[in-house]
Amino acid sequence: MPTVDDILEQVGEFGRFQKQTFLALCLLSAAFAPIYVGIVFLAFTPDHRCRSPGAAELSRRCGWSLAEELNYTVPGAGATGEAFPRQCRGYEVDWNHSALGCVEPLAGLAANRSHLPLGPCRHGWVYDTPGSSIVTEFNLVCDDSWKVDLFQSCVNLGFFLGSLGVGYIADRFGRKLCLLATTLMSTVLGVLMAVAPDYTSLLLFRLLQGLVSKGSWTSGYILITEFVGLGYRRTVAILYQTAFTGGLVLLSGVAYAIPHWRWLQLAISLPTFLFLLYYWCVPESPRWLLSQKRNAQVVKILDHIAQKNGKLPLTDLKMLFLEEDVTEKLRPSFADLFVTPQLRKHTFILMYLWFTSSVLYQGLIMHVGATGANLYLDFFYSALVEFPAAFIILATTDRFGLIRPSAASNLMAGAACFAMIFISHDLRWLSITVACVGRMGITIVFQMVCLVSAELYPTFIRNLGVMVCSSLCDLGGVITPFVVFRLMDIWQGLPLTLFAVLGLVAGGVTLLLPETKGVTLPETIQDAENLGRMAKPKENMIYLQIRTSERAGT
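Here is what the cut-offs are and how they apply
Residues numbered from 1 in each chain as written. Predicted model: local features only at pLDDT ≥ 70, side-chain atom pairs only at ≥ 80, totals over all residues. Heavy atoms only, no water. Helix = DSSP H or I, 4+ residues; strand = E, 2+ residues; numbered from the N terminus. Contact = heavy atoms within 4.5 Å. Phe/Tyr/Trp six-rings, centres within 6.5 Å; stacked < 30°, edge-to-face > 60°. Buried < 20%, exposed > 50% of the residue type's maximum accessible area, 1.4 Å probe, protein only. Lys NZ or Arg CZ within 6 Å of the ring centre and 35° of its normal.

Draft legend 1. A look at the side chain of Ser219. Along the chain, Ser219 turns up in helix H10 (residues 199-227). Once residues within four sequence positions are removed from consideration, Ser219 is found in contact with Ala170, Arg175, Cys178, Leu179 and Asn463.

Draft legend 2. Layout of the packing of aromatic side chains. Within this structure, the stated rule accounts for 20 aromatic pairs. Centroid distance Phe14 to Tyr232: 5.2 Å. Interplanar angle 20°. Geometry classified as stacked. Of the two residues, Phe14 sits in the loop between helix H1 (4-11) and helix H2 (16-37) while Tyr232 sits in the loop between H10 and helix H11 (233-257), which places them 218 residues apart along the sequence. With a centroid separation of 5.3 Å and an interplanar angle of 85°, the aromatic rings of Phe17 and Phe227 are classed as edge-to-face. Of this pair, Phe17 sits in helix H2 while Phe227 sits in helix H10, and the two are 210 residues apart along the sequence. On the basis of relative accessible area, Phe17 is assigned to the buried category, the value being 3%. The buried category is assigned to Phe227, whose relative accessible area is 1%. Ring-pair connections join several aromatic residues into one group, and the members of that group are Phe32, Tyr36, Phe159, Trp217, Tyr221, Tyr240 and Phe244. Looking at Arg172, its charged tip hangs above the ring of Phe173, at a distance of 4.9 Å from the centre.

Draft legend 3. Quick look at the environment of Gly12. Following the sequence through the fold, Gly12 ends up in the loop between H1 and H2. Once the C-alpha coordinates of Gly12 and Ile305 are considered, the two residues, 293 residues apart in sequence, prove to be 7.7 Å apart. Residues contacting Gly12, with those up to four places away along its chain left out, are Gln18, Asn309 and Lys311.

Pasting the structure below:
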């Protein structure tokens, strides 16, 4: 009896239908990039100083240039380790006093301006930027600067909570329904963010968008990997993730063209309404339908794929079956991820790998910090670094599989973090180069672990398994900023030590996972349990087909 992979070989593993669906879903992957890292432009913090109406009036009356106004009215930098007074504190001076002149106006009040009393910014701030961000609009600076971190933590918290619920919905009610519902909600919430009247409502919309947006991206990922045949499964999965990097590059250009955060938020949200057209052009996954015993729909969809790919309709589609000793439709359950020894081991290892990938990826970026003055170019260049990772994966997985390259990449990232501990601060170029090597390694791991997760779980819990394991990535994103900055207060190399340990351990435990190169996607729990034991590459298997109708006539 044929399986889904056998049928796809006959109707086309990557024909016209799969190519059209792949390109359509890649747009969804690219659109997820602004949600994940859009805070870089939505919440950038420009140079700022206390607003002082009296000082501004004196500057206007005296005809000062901006440089002169800053020199006369803004405090200098504070002591090392302290906040900059020029940004968060101002002189406690009555700028309307008639005794203040236009040349060194504070000289008559104190011989040394450092002796003048400083106070908080009572009239708000002046921001040195032609655009706007949520920081400039809601004054999220100085004592309120932590609210920017909370803004980003909310979307990661939403990712984490949504991973648990949305994954179940996709496995229970279908990939297509989950994709459409989460896309609609994410788009509406994105528009609401653009018109949010205050910080509290903005935070709420950000949290709710995090709950659904990652589910939309993951449902697209699962759909495209289940539509293509065995020989193209990894390639399309890797390129689907590479489309996310394309979204990063595109985001830098859009943000440069639209420097005002509300218009930028609308520009990245409104086009995603077009993804609702997937209702007509992207069918449900035949693998999921088969796991739900909806064989009639499976036959209809596979027949449609055959016609799109220019293949003749197959007569044996109705023989398609699912080998599972049950009479009911398979219902996904969280407990299914731990029901057998092998599934239990795979789940715990994948959780650790997702968590480690997030901590190292985000932690390296935070530790290195911004190295240039141009926000848009810095973001653009850092996004370009991720493109070679996809080509390295495509060049190695067909020959070496997923497990060994993933382990090697983890070890490379861990070793790079360890080497950075001993690099002198004077060798900035070397430190950045080694950090880029580490980021390259962990980027490769990020893409590979997503593919490995999708290949180790049976169909009816595949989406649930990916979402639950990847939720540890979101948990890592929530805690990484706090871990990095607290450890750096103790010793600057301490976070790198932690990253090195996490990466090296991840490289070791990765080798405990079974290789899935050339192996058919598991359809049942028993298939998943047998991975690495008796599974052999499909291309080395010989199938013997017996045509019983002809034998009966002999």
